[in-house]
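Chain residues, written in single-letter form:
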Amino acid sequence: LVLDDGFQHRRLARDLGLVLIDATRPPACDYVFPRGTLREPVRGLRRANAVLLTRCDQVPEAELDALRAWVEWVAPGVPVAATEHRPTELIGAGDPEPLDRLRGARVGAFCGIGNPEAFRRTLEALGATVSQMRTFPDHHAYARADVDDLARWAAALPPGALLATTQKDWVKLRVAELGGRPLRAVRVGLHVRDGGDALAGLLERLVPRWA
């Protein structure tokens, strides 16, 4: 069983605790909720079995090195892996399409994720021009009114514009089109840049318990 957002559930028994830190939002500059977005003081990282730095391709190496050093200072001995989200294909109602479909295209994008600007940067890195973008709160549950509003917005996009969202949002909507435009989602995979051996070692030690 894999539980998302369960690190602060202290009474829950677990075999492995992984903490993901968005490199574009370093916690050293953040505060505990409600002043900031942290769910507990940063010293809680010491309970983690491993820390995964995400979106490492979206920050300069100097900032990434500083973040890694900060994690090692806060949680000495906890393995740290650097990762990046890599788009793999476009999905929708039909067969998957190659990412080249976005190159040179004008795109109307929308999403309801914690870091919407990261989605914009992903589209732009794939060669798209994001002409308009709409954002919703993280974990947004789309209501009928939202779908109708998005359909009107999509219909008003420039001629020839593509309509794109994240896979996280697409699975909630499950619609083939909005405003007469096919809806495509960017499927993303997680690539481990370094630190993968330590992470794999943690997982391999658990395998006998699950066999």
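For the structure itself, consult the block above.
> Tell me about the packing of aromatic side chains, and please be specific about residues and values.
Enumeration over the complete set of coordinates arrives at 3 aromatic pairs. For the ring pair Phe110 and Tyr142, a centre distance of 6.4 Å and an interplane angle of 80 degrees mean the geometry is edge-to-face. One end of the pair, Phe110, is in strand β4 (residues 106-111); the other, Tyr142, is in the loop between β5 (129-135) and α3 (144-155), with 32 residues separating them in the sequence. Taken together, a centroid distance of 5.2 Å and an interplanar angle of 70 degrees make the contact between Phe136 and Tyr142 edge-to-face.

> Pulling in residues and values, what's your account of helix α1 (residues 61-74)?
If you check α1, its first and last C-alpha atoms are 20 Å apart, about what 14 residues at 1.5 Å a residue would give, namely 20 Å. Listed as buried for α1 are Leu64, Leu67, Arg68, Trp70, Val71 and Val74. Projected onto a plane normal to the axis of α1, the buried residues spread over an arc of 160 degrees and lie on a single side. Facing away from the buried side of α1 by more than 90 degrees, the exposed set consists of Ala62 and Trp73. Looking at the buried side of α1, the elements it contacts are β1 (18-22), β2 (50-54), β3 (80-91) and β8 (181-194).

> I'd like a description of the environment of Gly179, backed by residues and values.
When you line up the elements, Gly179 lands in the loop between β7 (177-178) and β8. Residue Gly179 is classed as partly exposed on the basis of its relative accessible area of 30%. What Gly179 contacts, discounting residues up to four positions off in sequence, is Ala151, Ala154 and Ala155.

> Summarise the side chain of Thr54; cite the residues concerned and give the values.
Its location among the elements puts Thr54 in strand β2. Not counting chain neighbours up to four residues away, the residues in contact with Thr54 comprise Leu20, Ile21, Asp22, Ala23, Thr83 and His85.

> For the nonpolar core, give the residues involved together with the corresponding values.
One finds Val19, Ile21, Leu45, Val51, Leu53, Leu67 and Val71 to be the most contacted residues of the largest nonpolar core, which totals 19 residues. Elements that contribute at least two residues to this core include exactly β1, β2, α1 and β3. Among the elements that make up this core, the one with the highest residue count is α1 (5 residues). Not counting chain neighbours up to four residues away, the residues in contact with Val51 comprise Val19, Ile21, Leu45, Val71, Val78, Pro79, Val80 and Ala81.

> Outline helix α2 (residues 116-125), supporting the account with residue identities and numerical values.
By the burial criterion, the buried members of α2 are Pro116, Ala118, Phe119, Thr122 and Leu123. Taken end-on, α2 shows its buried residues confined to a sector of 155 degrees, consistent with a single buried face. On its buried face, α2 sits against β3, β4, β5, β6 (162-166) and β8. Note on α2: the residue one or two positions beyond its end, Gly127, has a positive phi of about 95 degrees.

> Describe the environment of Leu178, and please don't skip the residues or the numbers.
For Leu178, the location among the structural elements is in strand β7. Remark: the alpha-carbon pair of Leu178 and Thr122, spanning 56 residues in sequence, is separated by 22 Å. When near neighbours in sequence (up to four residues on either side) are disregarded, Leu178 contacts Phe110, Val147, Leu150, Ala151, Ala154, Leu163 and Leu183.

> Explain unusual backbone geometry to me, using residue names and the numbers behind them.
Cis geometry marks the peptide bond from Phe33 to Pro34; its omega dihedral reads 15 degrees. Inspection of the secondary structure puts Pro34 in the loop between β1 and β2. Residue Asp5 is not a glycine yet carries a positive backbone phi of 60 degrees. On the secondary structure map, Asp5 appears in the segment before β1. What makes Asp5 partly exposed here is its relative accessible area of 46%. The phi dihedral of Arg174 is positive, around 55 degrees, even though this residue is not glycine. Turning to its location among the elements, Arg174 is positioned in the loop between α4 (167-173) and β7. Assessed through its relative accessible area of 56%, Arg174 is described here as exposed.

Reading the values: rules and limits
- Residues numbered from 1 in each chain as written.
- Predicted model: local features only at pLDDT ≥ 70, side-chain atom pairs only at ≥ 80, totals over all residues.
- Heavy atoms only, no water.
- Phe/Tyr/Trp six-rings, centres within 6.5 Å; stacked < 30°, edge-to-face > 60°.
- Helix = DSSP H or I, 4+ residues; strand = E, 2+ residues; numbered from the N terminus.
- Expected span 1.5 Å × (residues − 1).
- Buried < 20%, exposed > 50% of the residue type's maximum accessible area, 1.4 Å probe, protein only.
- Arc of directions from axis to C-beta.
- Contact = heavy atoms within 4.5 Å.
- Core = buried A, V, L, I, M, F, W, Y, C linked by side-chain atoms within 4.5 Å.

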